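One letter stands for each residue in the lines below.
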2 protein chains.
Amino acid sequence: MSSLSSADERPAVIGIVGGVGPFAGLDLQRKILEQTVAARDQDHLPVIAVSWPARIADRTEFLLGQERVNPAQAIVEQLRLLAGAGATLAAIPCNTAHAPAIFDVVVDRLTGRGADFERPPRLLNMIDETAAHLAGRFPSLRTVGVLSTTGTWRTRLYPAALEPRGFRVVVPDETLQLETVHPAIYDPTRGIKATGAPSAWARAGLTRAIAALRDQGAEAIILGCTELPLAFPQRSLDSLPLVDPTLALARALIGAADPERLKPWTEQPEATE
Amino acid sequence: MSSLSSADERPAVIGIVGGVGPFAGLDLQRKILEQTVAARDQDHLPVIAVSWPARIADRTEFLLGQERVNPAQAIVEQLRLLAGAGATLAAIPCNTAHAPAIFDVVVDRLTGRGADFERPPRLLNMIDETAAHLAGRFPSLRTVGVLSTTGTWRTRLYPAALEPRGFRVVVPDETLQLETVHPAIYDPTRGIKATGAPSAWARAGLTRAIAALRDQGAEAIILGCTELPLAFPQRSLDSLPLVDPTLALARALIGAADPERLKPWTEQPEATE
């Protein structure tokens, strides 16, 4: 079964498997709107977003063996719901869900042997889109730092994608990862997933982690968990460029749906609030 | 055909007819998240949001006779898509779409004679929810001002809902409405619909309009177009209370889906960015 072919005459409709986490799903929708050339409501692209987080097990807990159910199953069901509603393109705004143990199962169920989607949406890969965005934006960059959940960190998702492209990848050491970066995302009272609006505590911990990656030679930082751009919406921190996978994914979705509607890239975006 | 009955055992799923406008659809989704008691992704309620604005004709243009197609038709199709995806509750985050010439047609197609929804979602009425929110929050308030699109203004949507409840309603005069308030929403370069992030120009015009309503005796202002809370996210302006119909609708949706998940009301919300 092939993915969306050029013979497909349906209108391009973007489907989003949101809820992983819920605020990150909104952030992707917002970035799709902000990166679209539009002067009125009707100029915006069709988007269907599902946020049904209770059904999707935590991705890091699954990757660390603390949760038995593969979140891939629920992601596939939500992709089926999106396909049924008309989505021709799809994306999952969760970096950790792109670990092979999850993402490869999703892709196999969508388009592999035994797939039972009548018309599977074309599923973009957030990690690949981020790697392409990084390479296009910083062609001479050599060393990149990555902040992420412990699931993404442990499965070395970004090193696996970036090292074959010639990048050197630096990540936090185990203490910094487990005691600072992951809690900034997951702490049940002060973490970004709990508060939506990142707390000063979460931002301070992440700022320390960014400084540590700079000390390891990072010339840019990938905010490799979709909660992290909520804490750092800007394009750089102390003149160190920040790379936002949600933004890269938003631009890739617009480009796939209707390239004429994609705004030119700018390093100096207007303020959004 | 009855709307959602108590015998319905399906999980409560919130459906949003977004895209009217697109940023307002995001604002409703964000307020649902912010008003939900949740410490982790999985605690959030299921939400399906469709934003397919190209299919929905402008509501004010229809009400003013400048557009022949009733936006109700496309709204019904998007409600059908949401129902097919599992939505049991629904809302349209566009005040103007609640004008009887549009909203009554939608309700009739959902649950009236000749309706062909197998299981129609329960559609909340944003104007009624705002009136209830206003009455609950300010029981002794007498005069309220309303800012809105020209479609809502011309059809006197808020006076019709609020005067029977004993409120006096003041609105901008025709010059202020046509030359300041409506353009702040609709101007193709500086209006909120075009920019998403409200421009200083839009905010200044709306601030003048709020001052004019205060001069007419308004003790609170209803931001009666879903683009307006994007310009004034705070709960008051110069100590004049602002009433946000999107927030009232978000809280009503949570209350209808799972009342135990609704945060207590507070006049002093934490900062959200």
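Bear in mind the structure is a predicted one, so any value in this text is a computation, not a measurement.

S.K.: Looking at this structure, how should I read the relation of the copies chain A and chain B?
M.R.: Comparison of the two chain copies shows a relationship of rotation about an axis with a shift along it. It takes a turn of 180° to lay chain A on chain B, together with a shift of 0.0 Å along the axis; the resulting RMSD is 0.0 Å. Expressed as a symmetry operation, the mapping of one chain copy onto the other fits a two-fold axis. Minimal C-alpha distance to the rotation axis in chain A is attained by A:A49, lying at 2.6 Å.

S.K.: I tried to follow the pairing of strand β1 (residues 14-18) of chain B on my own but got confused; where do I start?
M.R.: Within a regular beta strand, the side chains point alternately toward one face of the sheet and then the other, so they alternate between its two faces. All names here are of chain B. The buried fraction of β1 amounts to 5 of the 5 residues, a majority that puts the element mostly inside the structure. Examined bridge by bridge, β1 and strand β2 (residues 47-51) share 5 bridges and lie parallel to one another. What sits directly across from I16, in β2, is A49. Crossover β1 to β2 through helix α1 (residues 22-34) is right-handed. Note that β1 and strand β3 (residues 89-91) share 3 bridges and pair parallel. Bridge pairing links I14 to L89 in β3.

S.K.: Would you mind going over the domain arrangement of chain A with me for this structure?
M.R.: Residue and element names in this part refer to chain A. According to the domain assignment, chain A consists of domain 1 (14-126 + 248-265) and domain 2 (127-245). In this assembly, 26 residues from domain 1 lie in contact with 28 residues from domain 2. When the area that domain 1 buries against domain 2 is broken down by residue, the three leading residues are N95, A248 and W265, summing to 28%. For the pair domain 1 and domain 2, the interface holds 1 salt bridge. Close ionic contact of K31 with D244 constitutes a salt bridge, the shortest N to O distance being 2.6 Å. Where domain 1 meets domain 2, there are 18 residue pairs in polar contact (both at pLDDT 80 or more). Those elements giving two or more residues to the side of domain 1 that touches domain 2 turn out to be α1 (22-34), α2 (59-63) and α12 (245-257). Here the element with the most residues in the side of domain 1 that touches domain 2 is α1; it accounts for 4 residues. Class assignment for the residues of the side of domain 1 that touches domain 2 results in 15 nonpolar, 7 polar and 4 charged.

S.K.: Looking at this structure, how should I read the sheet that holds strand β3 (residues 89-91) of chain A?
M.R.: Neighbouring strands of a sheet are bound in pairs by backbone hydrogen bonds; such pairs are parallel or else antiparallel. In spatial order, the strands read β4(A)-β3(A)-β1(A)-β2(A)-β2(B)-β1(B)-β3(B)-β4(B); together these 8 strands make up an open sheet with mixed pairing. The open sheet terminates on both sides in strands that have one partner only, identified here as β4 (122-123) of chain A together with β4 (122-123) of chain B.

S.K.: Any chance you could explain the nonpolar core here in plain terms?
M.R.: As a rule of thumb, soluble globular proteins bury nonpolar side chains together. A:L79 and B:L79 are the most contacted members of the largest nonpolar core, which has 92 residues in total. Tallying contributions element by element places helix α3 (residues 72-85) of chain B first for this core, with 9 residues. Sequence-distant contacts of B:L79, defined by excluding residues within four places in its chain, comprise B:V17, B:A90, B:V106, B:L110, B:F117 and B:L123. Counting 52 residues, the second largest nonpolar core, distinct from the first, contains A:L223, B:V170, B:L176 and B:I192.

S.K.: In this structure, what is going on with the interface of chain A and chain B? I would like to understand it.
M.R.: Reports of interface size often rely on the accessible area that becomes lost once the parts have come together. Counting residues at the interface gives 41 residues for chain A and 41 residues for chain B. Interface of chain A and chain B: buried area, both sides summed, is about 3,400 Å²; carbon and sulfur atoms make up 60% of it. Per-residue buried area on chain A facing chain B is highest for A:L26, A:D41 and A:Q42; these three make up 18% of the total on that side. Viewed at the interface, chain B and chain A are joined by 4 salt bridges. Taken together, the links from chain A to chain B amount to 10 residue pairs in polar contact (both at pLDDT 80 or more). Top contributing element to the side of chain A that touches chain B by residue count: α1(A), with 7 residues. Taken together, the residues of the side of chain A that touches chain B sort by class into 26 nonpolar, 7 polar and 8 charged. Where strand β2 (residues 47-51) of chain A lies against β2(B), 5 bridges are found, and the strand directions are antiparallel. Paired with A:A49 across the two strands is B:A49, which belongs to β2(B).

Cut-offs and rules
- Residues numbered from 1 in each chain as written.
- Chains lettered and ligands numbered in written order.
- Predicted model: local features only at pLDDT ≥ 70, side-chain atom pairs only at ≥ 80, totals over all residues.
- Heavy atoms only, no water.
- Least-squares fit on C-alpha atoms with pLDDT ≥ 70 in both.
- Buried < 20%, exposed > 50% of the residue type's maximum accessible area, 1.4 Å probe, protein only.
- Helix = DSSP H or I, 4+ residues; strand = E, 2+ residues; numbered from the N terminus.
- Pairing = 2+ DSSP bridges.
- Right-handed = clockwise from strand over helix to strand, strands pointing away.
- Domains from an automatic or database assignment.
- Contact = heavy atoms within 4.5 Å.
- Buried area = accessible area lost by both parts, 1.4 Å probe.
- Salt bridge = Lys/Arg side-chain N within 4 Å of Asp/Glu carboxyl O.
- Polar contact = N/O pair within 3.5 Å; in protein donor to acceptor, adjacent residues only side chain to side chain.
- Nonpolar A, V, L, I, M, F, W, Y, C, P; charged D, E, K, R; others polar.
- Core = buried A, V, L, I, M, F, W, Y, C linked by side-chain atoms within 4.5 Å.

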